[in-house]
Amino acid sequence: MGFFKRKKQEIIKHEWKIKKKCLDLILECAKSSYPKEFGGLLRVDTSDKYTIIELVVLPGTISGDSHAIFQLHMLPIDFSIVGTVHSHPSPVPRPSEADLHLFQKHGRVHIIAAYPFNENSWKAYDYNGEEIEMNIV
Ligand SMILES: [Zn+2]
């Protein structure tokens, strides 16, 4: 038991980062889709797998009326895609049941941008829906 316990503590917590330009674009897209939801995918730098550099918008998935608007069967096999981003027309950036289901199935990191879509109204989560720290670089 002790062995496993120690092992768990040794897991390195990676520091997630997002480029300011990418975050700004996410917030812009969320704003222009409002009051509809906006959804996209997050791409990392291939040399730094924990820095999100690009927002990928899938055709036909730009905005929708409800949660889980991602047509993930359309996902290209692309290992630089690490997770999802979507907006909440409400001021609550907390994941819904549908969001948690999506998080667990697809990707390692997920961003929710809530109304009014500024630098203080978004949060990042891991696949389990646990809030994670993400620094803007
Ligand atoms: Zn949601």
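Summarised in this report is the structure supplied together with it. (Residues numbered from 1 in each chain as written. Predicted model: local features only at pLDDT ≥ 70, side-chain atom pairs only at ≥ 80, totals over all residues. Heavy atoms only, no water.)

Side note on the overall build of the protein chain
Now for step 1: Of the regular secondary structure elements, the protein chain holds three helices and nine strands.
Now for step 2: The linear arrangement of helices and strands in the protein chain, starting from the amino end, is α-β-α-β-β-β-β-α-β-β-β-β.
Now for step 3: Partitioning the contacts of the protein chain with sequence separation of at least 6, the portion at a separation of at least 24 is 63%.
Now for step 4: Split by element, the accessible area of the protein chain, about 8,400 Å² in all, is 55% carbon and sulfur. (Helix = DSSP H or I, 4+ residues; strand = E, 2+ residues; numbered from the N terminus. Contact = heavy atoms within 4.5 Å. Areas by Shrake-Rupley, 256 points an atom, 1.4 Å probe, with all protein chains shown as cover.)

Looking at the packing of aromatic side chains
Now for step 1: Taken as a whole, this structure holds five aromatic pairs when the rule is applied.
Now for step 2: Among the aromatic residues, those joined into a cluster by ring pairs are Tyr 34, Tyr 115 and Phe 117. (Phe/Tyr/Trp six-rings, centres within 6.5 Å; stacked < 30°, edge-to-face > 60°.)

Focus on unusual backbone geometry
Excluding glycine, most residues fall at negative phi; most peptide bonds, likewise, are trans.
Now for step 1: Cis geometry marks the peptide bond from Tyr 34 to Pro 35; its omega dihedral reads 10 degrees.
Now for step 2: With respect to the helices and strands, the residue Pro 35 is situated in the loop between helix H2 (20-33) and strand E2 (37-45).
Now for step 3: Cis geometry marks the peptide bond from Tyr 115 to Pro 116, where omega comes out at 10 degrees.
Now for step 4: Positionally, Pro 116 belongs in the loop between strand E6 (109-114) and strand E7 (122-126).
Now for step 5: Its identity as a non-glycine residue notwithstanding, Phe 117 has a phi of 60 degrees, on the positive side.
Now for step 6: Relative to the helices and strands, Phe 117 is located in the loop between E6 and E7.
Now for step 7: According to the relative accessible area criterion, Phe 117 is buried, its value standing at 3%. (Buried < 20%, exposed > 50% of the residue type's maximum accessible area, 1.4 Å probe, protein only.)

Describing the nonpolar core
Now for step 1: The biggest cluster of nonpolar side chains holds 22 residues, and the ones touching the most others in it are Ile 18, Ile 26, Leu 42, Ile 52, Ile 111, Trp 122 and Met 134.
Now for step 2: Secondary-structure elements contributing two or more residues to this core are strand E1 (16-18), H2, E2, strand E3 (48-56), strand E5 (81-88), E6 and E7.
Now for step 3: Here the element with the most residues in this core is H2; it accounts for six residues.
Now for step 4: Ignoring any residue separated from it by four or fewer positions in sequence, one finds Ile 111 in contact with Ile 18, Leu 42, Thr 84, Val 85, His 86, Trp 122, Lys 123, Ala 124 and Met 134. (Core = buried A, V, L, I, M, F, W, Y, C linked by side-chain atoms within 4.5 Å.)

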